[in-house]
Amino acid sequence: MKTLYKKSLLRLSDYTNKEIIYLIKLSKFLKKQKYNKKENKYIKGKNIVLIFEKESTRTRCAFEIAAYDQGANITYLGPNDTHIGYKESIQDSAKVLGKMYDAIQYRGHNDKIIKDFKKYSKIPVWNGLTDTFHPTQILADLLTIQEINPKKPLKEIKCAYVGDAQNNIANSLLEAANIIGLKMNIVAPKIYWPKKKFLFKKIKYIKKNKNIICTENIKEGVKNVDFIYTDVWVSMGEKKNIWEKKIKELYPYQINKKMLNMTNNKNIKILHCLPAFHDKKSILGYEIHNKFHIKDGLEITNDIFNSNINLSFKQSENRLHTIKALLVSCLSKKSFF
Ligand code: CP
Ligand code: NVA
């Protein structure tokens, strides 16, 4: 296949079904090379700048290690490190970075900013999470799903997404469902259903959406699915005072034993992009549990989070391998398959 040489990834629907499947295959290939300690360096000497306007553990580390493993160099720019956007426009900053680097990773708020980085830098730009999308996370999720079900094509997978279905993860999962054809049940109160533009608006590579349903009914939504996916109820950038309302409205959609019983699937698996609020062991987790008198986790109970049906740490590891495939494919002309 043609590589993704010089392509950006602002949202999953920038890529075709074929391109996404190619990236998953390449991720598996590179993961094997790393496991066998026989990694080739396909992007030696390339320079990548990582711009983070929001916090990150997984995404930043995955981009950094992927680059190091493949012989590329990175510069990390945190929220208070540069003139970008404050003393210098995005347009000017993008032109500067475009002359020095081979690619830009951007994590931030607004999708307009990432589009401007692409427009003015004229080098590949990858979305490491915005308010609206998180495409590199979904690449890792698809790899994880395929590793768990090696014999079942992705388009035959049935997944339920429970919780806040208006956030970046839900939007990107819907794009994946639309492009790849996997079944996606959105299970949430109606006010948290995805905005129609992600489901119905004509977007490049997105054609049909018959495989997506939205329901408030938990039993109907999780019955016979292979995976239940959830994410935090309050995303980065949202105001702290929204917690009370969201807890009240989303608590019935918590992943717990009762929900698992409704799936009718003894092999049910759980996906979560992380970080997760499942116990009191983080500062914010402690604060929220105490303030709202929560006993056992927010979007997922602690026992289920710590059980072997939870795949979130496998997803985390796969961030590295899928991001590596993205870097290799977009920065080298080599076609692997
Ligand atoms: N899942 C994810 O994007 O994690 P980080 O916020 O730690 O990068
Ligand atoms: N929806 C979450 C995802 C974190 C990886 C957020 O934006 O905070």
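Since the structure is predicted, the reported quantities are computational estimates derived from the model, not experimental observations.

I tried to follow the pattern of salt bridges on my own but got confused; where do I start?
It is possible for side chains of opposite charge to pair when their charged atoms get near one another. For the structure on display, the rule yields 16 salt bridges. The partner of D131 in a salt bridge is K54, with the nearest N and O atoms 2.5 Å apart. With D131 in the loop between β4 (125-127) and α5 (135-148) and K54 in the loop between β1 (47-52) and α2 (58-69), the pair connects residues that are 77 residues apart, well separated along the chain. By relative accessible area, K54 is classed as buried at 5%. By sharing partners, the salt bridges in this structure join K34, E39, D69 and K324 into a single network.

Teacher, can you tell me more about the pairing of strand β6 (residues 183-187) here?
The two faces of a sheet get side chains in turn, since along a regular strand they alternate between them. Buried residues dominate β6, accounting for four of its five residues. Across five bridges, the pairing between strand β5 (residues 158-162) and β6 is parallel. Note on β6: the bridge partner recorded for A160 is N185. Examined bridge by bridge, β6 and strand β7 (residues 212-215) share four bridges and lie parallel to one another. Across the sheet, residue I186 finds its bridge partner in β7, namely C214.

Please explain the site of ligand 2 as it appears in this structure.
As a structural note, the neighbourhood of ligand 2 is formed by L129, H134, N167, N168, D231, V232, S235, M236 and L274. In the environment of ligand 2, a nitrogen atom lies 2.8 Å from a nitrogen or oxygen atom belonging to the side chain of N168. Within the contact set of ligand 2, a nitrogen atom lies 2.7 Å away from a side-chain nitrogen or oxygen of S235. In isolation ligand 2 offers 270 Å² of accessible surface; the protein chains occlude 94% of this area. Placement of ligand 2 is best described as lying within the largest pocket. Across the shell around ligand 2, the residue classes break down as four nonpolar, four polar and one charged.

Help me understand the layout of surface pockets, please; the structure alone is not making it clear to me.
By rolling a water-sized probe across the atoms, one finds the places where empty space is left. Of the pockets and cavities examined, the largest pocket occupies roughly 780 Å³. Taken together, 33 residues make up the lining of the largest pocket; nearest its centre are V232, M236, L274, P275 and F277. Contributions of two or more residues to the lining of the largest pocket are made by α2, α6 (168-180) and α11 (283-291). When grouped by side-chain class, the residues that make up the lining of the largest pocket number 13 nonpolar, ten polar and ten charged.

Even after reading the chapter, I still don't get the site of ligand 1, so can you show me in this structure?
In the vicinity of ligand 1, the contacting residues are S56, T57, R58, T59, R107, H134, Q137, C273, L274 and R319. H134 is positioned with one of its side-chain polar atoms (N or O) 2.8 Å from an oxygen atom of ligand 1. Protein chains bury 96% of the 250 Å² of accessible surface belonging to ligand 1 in isolation. At a threshold of 2 Å from the grid points, most atoms of ligand 1 map onto the largest pocket. Class assignment of the residues belonging to the shell around ligand 1 gives a composition of two nonpolar, five polar and three charged.

Would you mind showing me how to read the sheet that holds β6 here?
Strand order in the open sheet made by the five strands is β7-β6-β5-β8-β9, with parallel pairing throughout. Lying at the two open borders of the sheet, with one neighbouring strand each, are β7 and β9 (269-272). The sheet shows a mean angle of 20° between the axes of neighbouring strands, taken without regard to direction. For β5 and strand β8 (residues 227-230), the ladder comprises four bridges, and the chain directions are parallel. For A160, the partnering residue across the bridge sits in β8 and is I228. Across the face of the sheet, α6 comes into contact with β5, β6, β7 and β8 while running at roughly 150° to β6. Sheet strands touched by helix α13 (residues 312-331): β8 and β9. Its angle to β9, the strand with the most contacts, is close to 50°.

What should I look at first to understand α11 in this one?
Residue pairs three or four apart in sequence face the same way in an α-helix, which turns once every 3.6 residues. The complete set of buried residues in α11 reads G285, I288 and H289. Across the axial projection of α11, the buried residues extend over an arc of 100°, all falling on one side. When the buried face of α11 is taken as reference, the exposed residues oriented beyond 90 degrees from it are I283 and K291. H293 sits one or two residues past α11 and shows a positive phi near 55°.

So, how was this worked out
- Residues numbered from 1 in each chain as written.
- Chains lettered and ligands numbered in written order.
- Predicted model: local features only at pLDDT ≥ 70, side-chain atom pairs only at ≥ 80, totals over all residues.
- Heavy atoms only, no water.
- Salt bridge = Lys/Arg side-chain N within 4 Å of Asp/Glu carboxyl O.
- Helix = DSSP H or I, 4+ residues; strand = E, 2+ residues; numbered from the N terminus.
- Buried < 20%, exposed > 50% of the residue type's maximum accessible area, 1.4 Å probe, protein only.
- Pairing = 2+ DSSP bridges.
- Near = heavy atom within 4 Å.
- Polar contact = N/O pair within 3.5 Å; in protein donor to acceptor, adjacent residues only side chain to side chain.
- Areas by Shrake-Rupley, 256 points an atom, 1.4 Å probe, with all protein chains shown as cover.
- 1 Å grid on protein atoms, 1.4 Å probe; cavity = no way out; pocket = protein on both sides within 12 Å on 5 of 7 lines; lining within 4 Å.
- Sits in = over half its atoms within 2 Å of the grid points.
- Nonpolar A, V, L, I, M, F, W, Y, C, P; charged D, E, K, R; others polar.
- Points joined across faces, edges and corners; volume = space filled by probe spheres on them.
- Axes fitted to C-alpha atoms, helices over the stretch in contact; angles between N-to-C directions.
- Contact = heavy atoms within 4.5 Å.
- Arc of directions from axis to C-beta.

Any link to function would need more than the numbers given here.
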